[in-house]
Amino acid sequence: MIIINWICAGLIILVLLVWLYRMVINVRLQLIKPPRDASTTFQRKLDYVKQIQQTKHVSALLFITFCLAVGLFLTTYSLFQVQDQLYAVNEQNSTLRDDVQVMKKEQKKLINKLPVKEYPQEGIGLQDYAWAELFSDDSREKQYAMESDLSNKLSPYFGLPTTLIVLDIPTQTLNIALAGELTSDNNRKQIKDNIKAFAAEAEKIANLTQITFQLNVRDGEKQKQDYSCTFSRENGEDKFVMIQEED
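The structure displayed is predicted, hence computed values, not measured ones. Per chain, residue numbering runs from 1 following the sequence as it is written. Only residues with pLDDT of at least 70 are given local features in this predicted model, and only at 80 or more are side-chain atom pairs given and counted; all residues enter the totals for whole chains, interfaces and linings. No hydrogens and no water enter the side-chain calculation; it runs on all heavy atoms of the structure.

A.B. asks: Help me get a handle on the overall build of the protein chain, residues and values and all.
C.D. replies: The way it works is that DSSP assigns letters per residue, a run of H or I at least four long becomes a helix, a run of E at least two long becomes a strand, and they are numbered from the N terminus. A tally of regular secondary structure across the protein chain gives 5 helices and 5 strands. The globule rule puts the C-alpha radius of gyration for 247 residues at 18 Å, and the 42 Å found for the protein chain is more than 25% above it. By its C-alpha atoms, the protein chain is 130 × 40 × 25 Å across when sized along the principal axes. Exposed residues in this analysis have more than 50% of their type's maximum accessible area, buried residues have under 20%, and partly exposed residues fall in between, with area computed by a 1.4 Å probe over protein chains only. Considering the protein chain as a whole, with its 247 residues, one finds that 31% of them fall into the buried category. The globule rule used for comparison is 2.2 Å times the number of residues to the exponent 0.38, while the radius of gyration itself is calculated over C-alpha atoms.

A.B. asks: Describe in detail the side chain of T209, supporting the description with residues and values.
C.D. replies: Residue position: T209 is located in the loop between α5 (185-201) and β3 (210-219). Contact definition: two residues touch when any of their heavy atoms are within 4.5 Å. Residues in contact with T209, not counting those within four places in the same chain, are T171, Q172, F231, S232, R233, E234 and F240.

A.B. asks: Would you mind going over the packing of aromatic side chains in detail, with residue names and values included?
C.D. replies: Any pair of Phe, Tyr and Trp rings, taking the six-membered ring for Trp, is counted once the centres come within 6.5 Å. Such a pair is stacked with planes under 30 degrees apart, edge-to-face with planes over 60 apart, and tilted for the rest. Applying the stated criterion across every chain, the model contains 6 aromatic pairs. Ring geometry for Y129 versus W131: centroids 6.0 Å apart, planes at 75°, classification edge-to-face. Where F213 meets F231, the ring centres are 6.1 Å apart and the plane angle is 85°; that geometry is what we call edge-to-face. Of this pair, F213 sits in strand β3 while F231 sits in strand β4 (residues 222-232); the two residues are 18 residues apart in sequence, bridging distant segments of the chain. Like F231, F213 is buried. Just above the ring of F240 sits the side chain of R233; from NZ or CZ to the centre is 4.3 Å. We call a charge positioned over a ring when the NZ of a Lys or the CZ of an Arg lies within 6 Å of the ring centre and within 35 degrees of the ring normal.

A.B. asks: Account for helix α4 (residues 140-158), naming residues and giving values.
C.D. replies: The span one expects for a helix is its residue count, reduced by one, times 1.5 Å. Over its 19 residues, α4 extends 26 Å from the first C-alpha to the last, a length consistent with the 27 Å expected when each residue adds 1.5 Å. One axis fitted to the seven residues ending at a residue, another fitted to the seven starting there: the angle between these axes is the bend at that residue. Taken as a whole, α4 carries its principal kink of about 30° at N152; the proline P156 stands between one and four residues after it. Three or more residues of α4 are buried, namely Q143, M146, E147, L150, S151, L154, Y157 and F158. Where α4 terminates, the next one or two residues include G159, which has phi positive at roughly 70°.

A.B. asks: Requested: an account of the side chain of D226, with residues and values cited.
C.D. replies: Turning to its location among the elements, D226 is positioned in strand β4. Here a polar contact means two N or O atoms within 3.5 Å. Within protein one must be a hydrogen donor candidate and the other an acceptor candidate, and residues neighboring in sequence count only if both atoms are side-chain atoms. Within the local environment of D226, its side chain forms a polar contact with the side chain of R188, the two groups lying 2.5 Å apart. Not counting residues within four places of it along the chain, the set of residues in contact with D226 comprises R188, L215, N216, V217, E246 and D247.

A.B. asks: I'd like a rundown of the pattern of salt bridges, residues and numbers included.
C.D. replies: Any two side chains of opposite charge can pair, on the condition that their charged atoms come close. For salt bridges, the criterion is a side-chain nitrogen of Lys or Arg within 4 Å of an Asp or Glu carboxyl oxygen. The full count for this structure, using the stated rule, is 4 salt bridges. The salt bridge partner of K142 is E133, with a shortest N-O separation of 2.3 Å. Accessibility expressed as a relative area gives 35% for E133, which makes it partly exposed. The salt bridge involving K189 is made with D193; its shortest N-O contact spans 3.3 Å. Here K189 and its partner D193 are both found in helix α5, 4 residues apart, which amounts to about one turn of the helix. The class for K189 is exposed, based on a relative accessible area of 53%. For D193, a relative accessible area of 32% translates into the label partly exposed.

A.B. asks: So what about a nonpolar patch on the surface? Which residues, and what values?
C.D. replies: What goes into a patch is any residue over 30% in relative accessible area without a salt bridge, connected to like charges within 9 Å or, for nonpolar side chains (Val, Leu, Ile, Met, Phe, Trp, Tyr), within 5 Å. Only the protein chains shown count as cover for residues, and the accessible areas themselves come from Shrake-Rupley with a 1.4 Å probe. On the surface, a cluster of nonpolar side chains totalling about 580 Å² of accessible area is made up of W19, L20, M23, V24, V27 and L31. Inspection of the secondary structure puts W19 in helix α1 (residues 2-31). Using a relative accessible area of 47% as the deciding quantity, one classes W19 as partly exposed.

A.B. asks: Tell me about the environment of R233, residues and numbers included.
C.D. replies: If you trace the backbone, R233 turns up in the loop between β4 and β5 (241-246). Classification of R233 as buried rests on a relative accessible area of 7%. Sequence-wise, R233 and L167 are 66 residues apart; in three dimensions their C-alpha atoms are separated by 16 Å. Ignoring any residue separated from it by four or fewer positions in sequence, one finds R233 in contact with A202, E203, I205, A206, L208, T209, D238, K239 and F240. From its side chain, R233 meets the backbone oxygen of N235 in a polar contact 3.4 Å long. A distance of 2.9 Å separates the side chain of R233 from the backbone oxygen of D238, its partner in a polar contact.

These values are about where atoms sit, not about what they do.
What follows is the structure, given as C-alpha cells:
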C-alpha cells in the first residue's frame with residue numbers, strides 16, 4: 001500500500017515536470033516573432049521547428065495521459081484494498097461486539113447464580129449514622145451522602161447491582177428500591193430474609209416509622225416489579241411490623 005502511494009506520487013511529479021517543460025518550450029516559441037524583412041528560408045525553418053515541437057507536444061501529451069491512467073489504476077486498486085481492509089475490520093468489530101454481549105450475558109448469569117450473603121447478625125451499623133441530625137437538619141448533602149453510603153453497604157446482601165435508597169423526612173419513611181436481572185429462588189428467599197433482618201436493625205432508629213422495599217427485575221427488555229413490602233410502626237419504641245406484601 002505504501003509502495004503504491006509512492007509510485008502515484010512519483011507519477012504526479014513526473015507529469016508536472018513534463019508538462020512544465022513543454023509549456024516553457026511552447027511559450028518560448030510563441031515569443032519568437034520573425035522580422036518583417038525575414039527571408040522565406042528563415043520562415044520555413046521557424047515553421048519546421050514549431051512543427052517538430054508540436055509533434056513532441058503530442059507525444060508528451062500521450063505520455064502524460066499514460067502516466068495519469070497508470071496513476072488512476074493504482075489509486076483505484078489502492079482504494080479497493082482499503083475497502084477490503086475496512087470491511088475486514090468491520091467484520092472483526094462486529095464479531096467482538098457479539099462476543100462482548102455474550103460475555104456480559106454469561107457474566108450476569110454467573111452473578112445471579114452466586115449466593116446472596118446472609119445479613120450479619122450484628123447488623124451493618126445503622127445506628128452509626130446521625131439520624132437525629134438528618135431528621136432535624138434540612139441538609140440535602142448529608143442526606144445524599146448517607147443514602148449513597150448505605151446503598152453500598154446493603155448491595156452485597158440484596159444481590160442486585162442497583163440499590164437505591166431515599167429517606168423521606170416528612171413521612172419518616174426509608175424507601176429502598178432494588179433493580180437487576182432475574183435471580184435464583186434461593187437468592188430471592190435470602191433477599192427477603194435480609195429485608196426482614198434490615199427492618200429489625202432499623203428499629204433502633206427512633207425517628208423512623210416506615211420502611212418500604214421494592215424489588216424490580218428485568219425479564220428480557222422489560223422491567224417489572226417482582227416483590228414489594230412495607231414495614232410500619234406507631235412510634236420509635238415499637239417494633240416494625242410488615243403491613244403489606246406483594247409477591
